[in-house]
Amino acid sequence: MAEEYYLNEHNKEEFPPAHTAEHLLNQTMIQMFGCERSYNAHVERKKSKMSFHLDRKPGRKDEQEIERRMNQLIADDLPVTFEFVTRDNLPEGISQERLPADVSDTIRLVRIGDYDVCPCIGKHVRSTSQIGRFELLGTNWDERERSFRVRFKIV
């Protein structure tokens with residue numbers, strides 16, 4: 001008998017390849033720069049942008065490395081799986097801070113291989129090879145805000 005889970009309603013219709021790439025880019029930025037997950041993301045089919053608070057302005061080699069790592073993760077064909085946990089039973093390292101105030105008691109975690117895990121109710125591909133190619137379109141650095149915006153598309 002299948003278990004039934006009650007999750008928050010979802011008001012977006014994501015493009016699964018770009019949305020899954022969003023998870024990969026978040027973890028890539030965390031690993032490369034020791035930052036938090038993106039504080040502002042607009043992920044769409046044609047073009048996406050994500051912003052991160054960083055300690056320093058990344059250089060051109062950093063940008064090339066972001067693109068290289070993203071395409072390697074895609075080529076690695078990592079499985080995308082889901083796990084349901086209760087709000088009071090989140091695994092270590094998963095913060096409740098970014099969950100909506102009215103979050104359901106059941107939380108869906110999205111795992112991408114052993115690379116990333118994050119609460120999410122959006123649509124995803126089944127494995128990273130279904131994403132396509134990650135193409136870095138450009139970046140912007142705001143010195144005052146210490147903010148790095150990454151613009152990309154999935155081809």
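Residues numbered from 1 in each chain as written. Predicted model: local features only at pLDDT ≥ 70, side-chain atom pairs only at ≥ 80, totals over all residues. Heavy atoms only, no water.

What am I meant to see in the packing of helix H1 (residues 16-33) against helix H2 (residues 60-75) here?
Closest axis-to-axis distance for the H1/H2 pair is 10 Å, and the angle between their directions is 130 degrees. Taken together, the axes of H1 and H2 are oblique relative to one another. Of the two elements, H1 crosses H2, and the hand of that crossing is right-handed. Facing Ala21, Leu24, Leu25, Thr28, Met29, Gln31, Met32 and Phe33 of H1, the residues of H2 in contact are Asp62, Glu65, Ile66, Arg69, Met70, Leu73 and Ile74. When grouped by side-chain class, the residues that make up the contact of H1 with H2 number 10 nonpolar, two polar and three charged. (Axes fitted to C-alpha atoms, helices over the stretch in contact; angles between N-to-C directions. Helix = DSSP H or I, 4+ residues; strand = E, 2+ residues; numbered from the N terminus. Parallel < 35°, antiparallel > 145°, perpendicular 65-115°, else oblique. Left-handed = near helix turned anticlockwise from the far one by under 90°. Contact = heavy atoms within 4.5 Å. Nonpolar A, V, L, I, M, F, W, Y, C, P; charged D, E, K, R; others polar.)

Help me out: how do you make sense of the environment of Thr106 in this one?
By secondary structure assignment, the location of Thr106 is in strand S4 (residues 106-112). Through-space distance from the C-alpha of Thr106 to that of Cys35 is 27 Å; in sequence the pair is 71 residues apart.

How should the sheet that holds strand S1 (residues 40-42) be read in this particular structure?
Within a sheet, adjacent strands bond to each other through the backbone by hydrogen bonds, running parallel or antiparallel. In spatial order, the strands read S1-S2-S7-S6; together these four strands make up an open sheet with antiparallel pairing. Both edges of this open sheet fall to S1 and strand S6 (134-142), since each of them pairs with a single strand only. This sheet shows a mean twist of 15 degrees between the axes of neighbouring strands, independent of strand direction. Pairing of strand S2 (residues 48-53) with strand S7 (residues 147-154), which is carried by six bridges, proceeds in the antiparallel orientation. Each bridged residue has a counterpart across the sheet, and for Ser51 the counterpart in S7 is Arg149. Strand contacts of H2: S6 and S7, with the helix running at about 145 degrees to S6, the strand carrying the most contacts. (Pairing = 2+ DSSP bridges.)

Whenever I open this one, the nonpolar core confuses me. Can you help?
Nonpolar side chains tend toward joint burial in soluble globular proteins. By size, the foremost hydrophobic cluster in this structure holds 30 residues, and its most contacted members are Leu25 and Met29. Those elements that provide at least two residues to this core are H1, S2, H2, S4, S6 and S7. The element contributing the most residues to this core is H1, with seven residues. Sequence-distant contacts of Met29, that is, excluding residues within four places in its chain, are made with Gly34, Cys35, Phe52, Leu54, Ile66 and Phe148. (Core = buried A, V, L, I, M, F, W, Y, C linked by side-chain atoms within 4.5 Å. Buried < 20%, exposed > 50% of the residue type's maximum accessible area, 1.4 Å probe, protein only.)

I would appreciate a short explanation of the sheet that holds S4 in the present structure.
Taken together, three strands build an open sheet; the order of strands is S3-S4-S5 and the sheet is antiparallel. Lying at the two open borders of the sheet, with one neighbouring strand each, are strand S3 (80-86) and strand S5 (116-119). Sheet twist, expressed as the average angle between the axes of neighbouring strands with direction ignored, equals 25 degrees. Relative to S4, S3 runs antiparallel, the two sharing seven bridges. Within S4, the residue paired with Val85 across the bridge is Ile107.

I would appreciate a short explanation of H1 in the present structure.
Residues that lie three or four places apart on an α-helix share one face, since the helix turns once every 3.6 residues. With 18 residues, H1 should cover 26 Å at 1.5 Å per step; its first-to-last C-alpha distance of 26 Å lies within 8% of that length. Backbone geometry just downstream of H1 places Gly34 in the positive-phi region, at approximately 65 degrees. (Expected span 1.5 Å × (residues − 1).)

How should I be thinking about H2 in this particular structure?
The first and last C-alpha atoms of H2 sit 23 Å apart over 16 residues, in line with the 22 Å expected at 1.5 Å per residue. Burial in H2 covers these residues: Asp62, Glu63, Ile66, Met70, Leu73 and Ile74. An end-on view of H2 places all buried positions within 115 degrees of arc, on one side of the element. Counted as exposed and oriented over 90 degrees from the buried face of H2: Arg60, Lys61 and Ala75. In this structure, the buried side of H2 is in contact with H1, S6 and S7. Just beyond H2, the residue with positive phi is Asp77, at close to 55 degrees. (Arc of directions from axis to C-beta.)

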